[in-house]
Amino acid sequence: MEKRLKQSLGIDVSKLNLSLSLGFLTDKLVKEFNSHPDVPNDILGYKELLNWLKGSVDPSVELLVVMEATGVYHQGIAHYLYDNGYNVCVMQSGRVKRYAQSLDQRSKTDALDSRMLSMLGLERSIRLWNPPSKALQALKALSRERSSLLKDRTIENNRQGAIASSVYSNAKALKRHKNRLKLLNAQIEMIESEMKGLISQNEELERKIGFMMSIPGISFISAATVVGETLGFESITNAKQLAGYAGYDVVLRESGNFKGKTRISKKGNSHIRAALHMPSMTCVRCNPTLKQFYNRLKPKKAKPLVALVAVQRKLLILMYTLWKNEEVYDAEFEIKKQQKHEALAARDNKLITQLVS
C-alpha cells in the first residue's frame, strides 16, 4: 500500500449544502480523491460529515480542511470543525479563483470545486484559520449595519430633495421622508454608540485602536471600521496582502505596443475603501507626511482622485503597521528615516575614503 504524505478535505459551501471531496497525496506524488454525497449546511450535515471523516481519513496523517470564504455561509462549518480539533483553512475567493484558472478546468460544478479545493490543500502551504474573537465579529456586524444605513440615508436625502423641488410636491410624502431620515440618523448614532461601548469593554482593542487614531485625520469610526472589516488583521501577514484584500492592488494592462490604463483592481473589501475616502481628504490637509506625498503625486496623475486613492492605500498600510507594532504615529518618521540613511551613507563614504587613502 502506498504511503500517504498529505490529506486534504475540500468543502464547497453554499447556503443550503456542502459539497465534499477528500484528497490524498501519496509518496509517489499521485493524488487520489474520495467524494461523498452533499450534506446539508446545518448541524445535522456537520455531524454526518464528521462521521464520514472518522472512517475515511488516515489517522497517521494530519488532515487539512480547505474552504472558500462565502459571506456568512461558511462560518457554521468552519467553527464546528475548528471546535472539534481540525485544522481549517478559509481561503479568500480571489486566491481560489486564480488557482482554479491555473488548472485549465473548463466545467464548473460544486463537486469539481470541492475537488479543486482539496487539490489546493495538497499542493500548497496554506496559513491556518483561527476564529476571530466575539468582540471583533460584533464590531464587523455593527460596521456593516452602519454602512447599510448610510446608503439608505443617502437615498432618502436624494428622494427628499427631489420631492421638495418638484412642482407637484406632496407635503405628506415629504413629512414621511423626513421622519424616515430622522429614524435613520437616530439608528446610526445608536450603532456608533454601541461600537464605542463595545471597544471600551476590551482593553487591548481600545489600546490598539488608539494607536491608529494617533494618525492625524483618522477618526474613531474609520479606525473601528477598518479593524472590524479585517477582524483585527487576523488573516493579514504583510502590506501587499492587505492592499489586495482591500482592492488597492494595482492592475497593469500592457501587451506589445498596447499600453492600457493603470488602475486599482477594486476586487476587494469595498467597505474599507469607503471608510478611508473621507479620512484621506482630511489627511492631505492636516497630515504633513501624507500631504507631501499627495502633492508629489498629484501633478503626475491625470486626475487628482488617482493621487487620493494612493493616499488611501498608504494610509491603510500605515494603520496596519501601527496596529501590528503597537506604536503611536510619528509625524517625523520619514524625516528621521531619511536622516538615518544619509548618516549611514556618509559613514560608508568615510570608510571607503579611509581604505583608499
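That block above? That's the structure.
This part is about the overall build of the chain. Across its full length, the chain carries 13 helices and nine strands. At 26 Å, the chain has a C-alpha radius of gyration far larger than the 21 Å of a compact globule built from 357 residues. If you line up the chain on its principal axes, its C-alpha atoms span 90 × 70 × 55 Å. Classification of the 357 residues of the chain by burial places 38% in the buried group. When contacts within the chain are restricted to residue pairs at least 6 apart in sequence, long-range pairs at least 24 apart make up 62% of them. Of the roughly 21400 Å² of accessible surface on the chain, a fraction of 52% belongs to carbon and sulfur atoms. With 55 positive and 35 negative side-chain charges, the chain shows a spacing of 9 Å between the two charge centroids.

For the rest of this paragraph, the subject is the layout of surface pockets. Reported here for the largest pocket is a volume of approximately 1700 Å³. Top element by residues in the lining of the largest pocket is helix α3 (residues 93-102). It accounts for six residues. Here the residues of the lining of the largest pocket are counted per class, giving 14 nonpolar, 21 polar and 14 charged. Of all elements in the fold, only β9 (263-264), α10 (270-286) and α12 (304-325) reach the threshold of two or more residues within the lining of the second largest pocket. Tallying contributions element by element places α12 first for the lining of the second largest pocket, with six residues.

Reading across from one edge, β3-β2-β1-β4-β5 is the order of the five strands in this open sheet, with mixed pairing throughout. Looking at which strands have only one partner, the edges of the open sheet turn out to be β3 (31-40) and β5 (87-91). Adjacent strand axes in the sheet meet at a mean angle of 20° when their direction is disregarded. As paired strands, strand β2 (residues 17-26) and β3 are joined by eight bridges and run antiparallel to one another. Looking across to β3, one finds that L18 is bridged to V39.

This paragraph deals with the packing of helix α7 (residues 203-213) against α12. In the contact formed by α7 and α12, the axes pass within 8 Å of each other and the chain directions differ by 140°. Judged by the inter-axis angle, α7 sits oblique to α12. Handedness of the crossing formed by α7 with α12: right-handed. Where α7 approaches α12, its residues L205, K208, I209, F211 and M212 are matched on the opposing element by M319, L322 and W323. When grouped by side-chain class, the residues that make up the contact of α7 with α12 number seven nonpolar, no polar and one charged.

Here the focus is the pattern of salt bridges. Applying the stated rule across the entire model yields nine salt bridges. Between E156 and R180 there is a salt bridge, with the nearest N and O atoms lying 3.5 Å from each other. One end of the pair, E156, is in helix α5 (residues 134-165); the other, R180, is in helix α6 (residues 171-200), with 24 residues separating them in the sequence. Note on E156: relative accessible area 7%, which makes it buried. Owing to a relative accessible area of 36%, R180 belongs among the partly exposed residues under this scheme. In this structure, a network of salt bridges that share partners links the residues E204, R207, K208 and E326.

With that out of the way, let us pick up helix α1 (residues 43-56). Spanning 14 residues, α1 covers 20 Å between terminal C-alpha atoms, matching the ideal 20 Å at 1.5 Å per step. Residues of α1 that are buried: G45, Y46, L49, L50, W52 and L53. Along α1, the residues classed as buried sweep out an arc of 165° about the axis, all on the same side. Of the exposed residues in α1, those oriented more than 90 degrees away from the buried face are L44, N51, K54 and G55. Residues of α1 that are buried make contact with β1 (4-13), β2, β3, β4 (63-68) and α2 (75-83).

Bringing the packing of aromatic side chains into the picture now. The tally for this structure, following the rule as stated, stands at four aromatic pairs. Seen in terms of ring centroids, Y46 and Y80 are 5.4 Å apart; in terms of plane orientation they differ by 40°. Their pairing is tilted. Of the two residues, Y46 sits in helix α1 while Y80 sits in helix α2, which places them 34 residues apart along the sequence. Judged by relative accessible area, which is 16%, Y80 ranks as buried. Members of the aromatic cluster, joined through ring pairs, are F233, Y320 and W323. Above the plane of the ring of F24 lies R4, whose end atom (NZ or CZ) is 3.7 Å from the centre. The ring of F293 carries the charged tip of K314 above its face, separated from the ring centre by 5.0 Å.

Reading the values: rules and limits
Residues numbered from 1 in each chain as written. Predicted model: local features only at pLDDT ≥ 70, side-chain atom pairs only at ≥ 80, totals over all residues. Heavy atoms only, no water. Helix = DSSP H or I, 4+ residues; strand = E, 2+ residues; numbered from the N terminus. Rg over C-alpha atoms; globule rule 2.2 N^0.38 Å. Buried < 20%, exposed > 50% of the residue type's maximum accessible area, 1.4 Å probe, protein only. Contact = heavy atoms within 4.5 Å. Areas by Shrake-Rupley, 256 points an atom, 1.4 Å probe, with all protein chains shown as cover. Lys, Arg positive; Asp, Glu negative; His and termini not counted. Charge placed at Lys NZ, Arg CZ, Asp CG, Glu CD. 1 Å grid on protein atoms, 1.4 Å probe; cavity = no way out; pocket = protein on both sides within 12 Å on 5 of 7 lines; lining within 4 Å. Points joined across faces, edges and corners; volume = space filled by probe spheres on them. Nonpolar A, V, L, I, M, F, W, Y, C, P; charged D, E, K, R; others polar. Pairing = 2+ DSSP bridges. Axes fitted to C-alpha atoms, helices over the stretch in contact; angles between N-to-C directions. Parallel < 35°, antiparallel > 145°, perpendicular 65-115°, else oblique. Left-handed = near helix turned anticlockwise from the far one by under 90°. Salt bridge = Lys/Arg side-chain N within 4 Å of Asp/Glu carboxyl O. Expected span 1.5 Å × (residues − 1). Arc of directions from axis to C-beta. Phe/Tyr/Trp six-rings, centres within 6.5 Å; stacked < 30°, edge-to-face > 60°. Lys NZ or Arg CZ within 6 Å of the ring centre and 35° of its normal.

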